Amino acid sequence: MKVKKYNLLLIACFVWLIAGFNILHIGISVYQNYMSILNFVFSFIIFILFWFMVFYKLTKKHTHRICGYEVERQFFLKFFDTKSFIIMAVMMTMGILIRTFHLMPIRFIAVFYTGLGTALFLAGILFGYNYFKYGIQKK
């Protein structure tokens, strides 16, 4: 179950693209009843905050860590470290609980999930870019 270290970037790419797409899909599917300039601005602010404060830094950190592995073949789950898996699990659990128990209004889901999902999806794209930038040129 080991892969070449640069393939970890590709695994991270697919994980984040799928996560981002799913969250973005949830947000967009309920956005139609809440379309307004103010909501679009809030979604954009959420995207900017999550992108620059969390996901851009995360992609840089994990790309650097993966590229720095001295051993070429790594366990396929090492695209993340333990802390990131815990954060991901907490975020997923919170999202499921919020929607299942209707802890937040649908407007919040529309606005927040659209911004968050876009940032997640962009993280997947950046991991894919990094795979082509670092992984393909090393082969």
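Residues numbered from 1 in each chain as written. Predicted model: local features only at pLDDT ≥ 70, side-chain atom pairs only at ≥ 80, totals over all residues. Heavy atoms only, no water.

Draft legend 1. Region of the structure containing the overall build of the protein. Each helix and strand counted, the protein has 4 helices and 2 strands in total. Traced from its N-terminal end to its C-terminal end, the protein shows the element sequence β-α-α-β-α-α. Taken along its principal axes, the extent of the C-alpha atoms in the protein is 50 × 30 × 20 Å. Relative to all contacts within the protein whose residues are 6 or more apart in sequence, the contacts with residues 24 or more apart total 82%. When the accessible surface of the protein is summed, it comes to about 8,500 Å², and 74% of that surface belongs to carbon and sulfur atoms. (Helix = DSSP H or I, 4+ residues; strand = E, 2+ residues; numbered from the N terminus. Contact = heavy atoms within 4.5 Å. Areas by Shrake-Rupley, 256 points an atom, 1.4 Å probe, with all protein chains shown as cover.)

Draft legend 2. The environment of His25, seen in detail. By the element assignment, His25 lies in helix 1 (residues 7-31). Note on His25: relative accessible area 47%, which makes it partly exposed. Counting along the chain gives 32 residues from His25 to Lys57, while the straight-line C-alpha distance between them is 24 Å. (Buried < 20%, exposed > 50% of the residue type's maximum accessible area, 1.4 Å probe, protein only.)

Draft legend 3. Fine view of the environment of Asn22. By secondary structure assignment, the location of Asn22 is in helix 1. Overall, Asn22 belongs to the partly exposed group, its relative accessible area being 40%. Along the sequence, Asn22 and Gly117 sit 95 residues apart, while their C-alpha atoms lie 7.3 Å from each other.

Draft legend 4. Spatial organisation of a nonpolar patch on the surface. Side chains of Met35, Ile37, Leu38, Phe40, Val41, Phe42, Ile45, Leu49, Phe52, Met53, Val54 and Tyr56 sit close together on the surface and give an oily, nonpolar patch of about 1,200 Å² of accessible area. Tracing the chain through its elements places Phe42 in helix 2 (residues 37-67). Overall, the relative accessible area of 38% leaves Phe42 in the partly exposed class. (Patch = residues over 30% accessible without salt bridge, like charges linked within 9 Å, V, L, I, M, F, W, Y side chains within 5 Å. Salt bridge = Lys/Arg side-chain N within 4 Å of Asp/Glu carboxyl O.)

Draft legend 5. Quick peek at the packing of aromatic side chains. Using the criterion set out here, one finds 14 aromatic pairs in the structure. A connected cluster of aromatic rings, assembled from ring pairs, spans Trp16, Phe50, Phe55, Phe79, Phe80, Phe85, Phe108, Phe112 and Tyr113. (Phe/Tyr/Trp six-rings, centres within 6.5 Å; stacked < 30°, edge-to-face > 60°.)

Draft legend 6. Seen up close, the nonpolar core. By size, the foremost hydrophobic cluster in this structure holds 27 residues, and its most contacted members are Trp16, Trp51, Phe55 and Phe127. Elements supplying a minimum of two residues to this core: helix 1, helix 2, helix 3 (82-100) and helix 4 (106-138). Examining the composition of this core, we find that 9 residues originate from one element, helix 4, more than from any other. Residue contacts for Trp51: discarding those within four places in its chain leaves Tyr56, Lys57, Ala119, Leu122, Ala123 and Leu126. (Core = buried A, V, L, I, M, F, W, Y, C linked by side-chain atoms within 4.5 Å.)

Draft legend 7. A look at the pattern of salt bridges. Inspection of every chain in the model, using the stated rule, returns 1 salt bridge. In this structure, the salt-bridge partner of Asp81 is Lys61, at a minimum N-O distance of 3.3 Å. Here Lys61 lies in helix 2 and Asp81 lies in the loop between strand 2 (73-75) and helix 3, a separation of 20 residues in the sequence. Residue Lys61 is classed as partly exposed on the basis of its relative accessible area, which comes to 39%.

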